[in-house]
Structures are given as C-alpha cells and as structure tokens.
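Listed here are the chains, written in short residue letters.
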Amino acid sequence: MIGLPDFPWDRLTPYKELAQGHEDGIVDLSVGTPVDPVPDVVRRALADASDSPGYPLTYGTERLRAAAAGWLRRRHGVVLDQADVLPLIGSKEFVAWLPTLLGIGSGQRVIFPELAYPTYDVGARLAGAQPYATDGLLALGPERVPLVWVNSPSNPTGKVLPAEHLRKVVSWAREHGAIVASDECYIELGWEERPISVLHPDVCGGSHEGLLAVHSLSKRSNLAGYRAGFVAGDPALIRRLLEVRKHAGMIVPAPVQAAMTAALDDDAHAEEQRARYAARRAALRPALEAAGWRIEHSAAGLYLWASNGENCWDQVRTLAEKGVLVAPGDFYGAAGDRHVRIAVTAGDERVDAAVRRLQ
Ligand SMILES: Cc1ncc(COP(=O)(O)O)c(C=O)c1O
C-alpha cells in the first residue's frame, strides 16, 4: 500500500460535535464547500444533455474547449487555442494524479508551497515521488526538478502571487527543466488584489512551453457537485496528458461537459456568486478582528487566514465553543500552526449567526 497521510478532516470531528451542540446550531466555516444554488443556465444545459447514451470524448467536445479558451481570453487575458484545453473530473483529481500521469517517480522531487492544499503532497506520494514543500526555489541549487506547483490565490492563505513573482518561478523552472503547474481555481475571486494566470503574457512572455494552468468550476459556478474543471497550456503536454487519460478512463460525463460549456460561456451568474461571497467576507472580517483575530493575506479566494496568536487547535476550540467550526492552519503545513482558515462559504443566515456570536 502507498503511504498516505491520515485524512486530516477526521481530526476535526470532536470540534464539529462541540459546535453542533450550540443552541442555535453549527456555523460550518471549515471545509469551504459551495452552498448556493447551481445556476439555472447550467442546470438547463445539464438536463438538455441528459440523453447521452454513448461514450463521451476524454478530450471533451470542441464546444467545451472553445468555451474554456474563450473564458480565459475574455476574463484573464490568456490567448490559447481550444486544442490546448483538456477537461478534468474536478481539479482535485488532476492535482492528485498529475505526477503519475507525467511519469514522475522515485528519487524525484515534486515541489509545492509550504502552506498548501494537501493534495499536492498526496499526488507526489501516489507517484512514488518525494513531496517537497518550499517557498524558496533558489535554495534547491542546480538540482533538476520535474514539477513545481504554484497556487495563486492560495488555499489556505488567500495570498496572490504578483506577475513578477510568477515570472521568476517560470524562468527558474525553464532553467531547471521543470514543468510549472499553476492551480488557479480561485482566480475569479480577487478582492484587494487581482490574480493573474501563469499563462498571461506578462508572466510567461507569450510562450506556454512547460506551463499548465489548472481551473475549476466548483467555486466560480457552484459546480463542486458536478466535478468540473479543466487544464490548459503547453500543447505538447496537453497532448501527452490526453493520451494517458484516454487509456486511464479519466472522462468527464457528457451532460457535465454540456453544463461546463454553459457555465464558461456565462459571466452573469459568476458575478452574482462573487457578490454573495464579497458580502459574507465583508461581514465576517471585521467581526473576527473585533473579537481579537488578526487577518493576514486573504486578498483573494474563499478564506480568511486568521490568528489570535494561540496554537491553531486552541483557536479551533474557542470558536467551536461559539458554535463556529473552522479549519486549523496545521492542516496545510507546520507553518500554519498559529492560524485558522475561515471559509466564507456558509449561507447568509449562518454568516449573520457567526457575526452575532463573535460579538
Ligand atoms: C487549491 C485547491 N485546488 C484544487 C481544489 C479542488 O477543487 P475541485 O476538485 O472541486 O475542482 C481545491 C478545493 O478546494 C483547492 O482548494
């Protein structure tokens, strides 16, 4: 059996039970799962495509790839051919399997940020490679590295990497023969700062060689339940990944492909959803600050990265006693042991309840 870390969320169960004991019920700000409705335009597209008896294409329909390329161009200033897009069964699947799909293995390092979504580490382990969390690529010296993950806006911190920083990562990777995989699943949720894609010409100089940008419809379009994402970038890498994924049966269901196409063609629903998150964030942030938490980074994305200076599990307990469940920072790396991650994904009524309890 492959050695994988314990599933961290199980450790939160006693605090969940504590929060559930609150007389007005739990406010769950831990996992960050969407709670608002799936947009009508997307549901209609899913229903209209429900008579899908045949096998769908692993590559996705041309309409879907064109919608993804159109969205990248329209919203993020990224110009690429629809041929350089590949649909994913949600982006988590891709994060977990990319090192394996690329043939990375024993003795090779997969690099990811010190504070990070745990699946980068898991993906390295599934491939038999060595997970390596660092924010200092320069300290690695001349070693050749096959894969570097970046994640801006970051889960858990909400930090946005500016174009200049990403440019340095890309040029380091090109010197060291590394592929840069950029997890951009929160790119539409910039608040104080505007996130930029690794595929933007200001970052990559107009060449997508060695670059992959990973996108998700889970947060933008409330499609976490549909499992819908895509990867775009280097044409040669996309072709290689397509070949392996065809053999492995990593196929997005046809009705979901239709739903994704409708979601990517429509910006109105995404603006509405953005406004909901903005309002919840605007309510929670000052309430936490008034209650003694300092908010760090958190310039984008779905989370407030907060600390009152105590150990993260003590903070989890303090908030759970108020019926508010949050995630301990050490789920995301040892450097997070004095922080908690607070998701802005509960409904308005629950967010109001949390604000009242923090007073
Ligand atoms: C940084 C990051 N990447 C990837 C994912 C996976 O998203 P999905 O599989 O829903 O596309 C998440 C989910 O929260 C995430 O936070």
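Residues numbered from 1 in each chain as written. Predicted model: local features only at pLDDT ≥ 70, side-chain atom pairs only at ≥ 80, totals over all residues. Heavy atoms only, no water.

**Student:** Go over empty space enclosed by the protein with me, naming the residues and quoting the values.
**Tutor:** Evaluation of the coordinates by the stated rule reveals three cavities of 30 Å³ or more. Computed from the structure, the largest cavity encloses a volume of approximately 60 Å³. Considering the residues around the largest cavity, the lining is formed by Trp71, Glu184, Cys185, Tyr186, Ile187, Glu188, Leu189, His215, Ser216, Lys219 and Arg220. For the lining of the largest cavity, the residue count by class is five nonpolar, two polar and four charged. Every residue lining the second largest cavity is listed: Glu188, Leu189, Lys219, Arg220, Ala270, Gln273, Arg274 and Tyr277. (1 Å grid on protein atoms, 1.4 Å probe; cavity = no way out; pocket = protein on both sides within 12 Å on 5 of 7 lines; lining within 4 Å. Points joined across faces, edges and corners; volume = space filled by probe spheres on them. Nonpolar A, V, L, I, M, F, W, Y, C, P; charged D, E, K, R; others polar.)

**Student:** Describe the sheet that holds strand S3 (residues 109-112), with residues and values.
**Tutor:** Overall, mixed pairing links the seven strands, which are arranged S2-S8-S7-S6-S5-S3-S4 in an open sheet. The two strands at the open ends of the sheet, each matched to only one other strand, are strand S2 (85-88) and strand S4 (130-133). Taking the axes of each pair of neighbouring strands and ignoring which way they run, one obtains an average angle of 20° across the sheet. Direction of pairing for strand S6 (residues 179-183) relative to strand S7 (residues 211-216): parallel, over a ladder of four bridges. Across the sheet, residue Ser182 finds its bridge partner in S7, namely Ala213. (Pairing = 2+ DSSP bridges. Helix = DSSP H or I, 4+ residues; strand = E, 2+ residues; numbered from the N terminus. Axes fitted to C-alpha atoms, helices over the stretch in contact; angles between N-to-C directions.)

**Student:** I'd love a proper account of the packing of helix H4 (residues 91-101) against helix H8 (residues 235-248), names of residues and values included.
**Tutor:** Two elements in contact, H4 and H8, have axes whose closest approach is 11 Å; the angle formed by their N-to-C orientations is 100°. It follows from the interaxial angle that H4 and H8 lie roughly perpendicular. Of the residues in H8, those in contact with Glu93, Phe94, Leu98 and Leu101 of H4 are Leu241, Val244 and Arg245. Looking at the contact of H4 with H8 residue by residue, the classes come out as five nonpolar, no polar and two charged. (Parallel < 35°, antiparallel > 145°, perpendicular 65-115°, else oblique. Contact = heavy atoms within 4.5 Å.)

**Student:** Can you explain the pairing of strand S13 (residues 340-343)? Please cite residues and give values.
**Tutor:** Where burial is concerned, the two faces of S13 agree: the one with Val340 and Ile342 and the one with Arg341 and Ala343 are both buried. Sheet analysis places strand S10 (residues 303-307) next to S13, joined by four bridges and oriented antiparallel. Residue pairing for S13: Trp305 is matched across the bridge by Arg341. Relative to S13, strand S12 (residues 327-328) is paired through two bridges, and the arrangement is antiparallel. By the bridge assignment, Pro328 is partnered in S13 with Val340. (Buried < 20%, exposed > 50% of the residue type's maximum accessible area, 1.4 Å probe, protein only.)

**Student:** Can you explain unusual backbone geometry? Please cite residues and give values.
**Tutor:** Put simply, Ser152 and Pro153 share a cis peptide bond, and its omega is -5°. Mapped onto the elements of the fold, Pro153 is located in the loop between strand S5 (147-151) and helix H6 (163-175). In this structure, Pro156 follows Asn155 across a cis peptide bond, with omega equal to 20°. Within the secondary structure, Pro156 sits in the loop between S5 and H6. Although it is not a glycine, Asn222 adopts a positive phi angle of roughly 55°. Of note, Asn222 is situated in the loop between S7 and strand S8 (229-233). Its identity is not glycine, yet Ser298 carries a phi of approximately 55°, on the positive side. Residue placement: Ser298 occurs in the loop between strand S9 (294-296) and S10. By relative accessible area, which is 0% here, Ser298 ends up buried.

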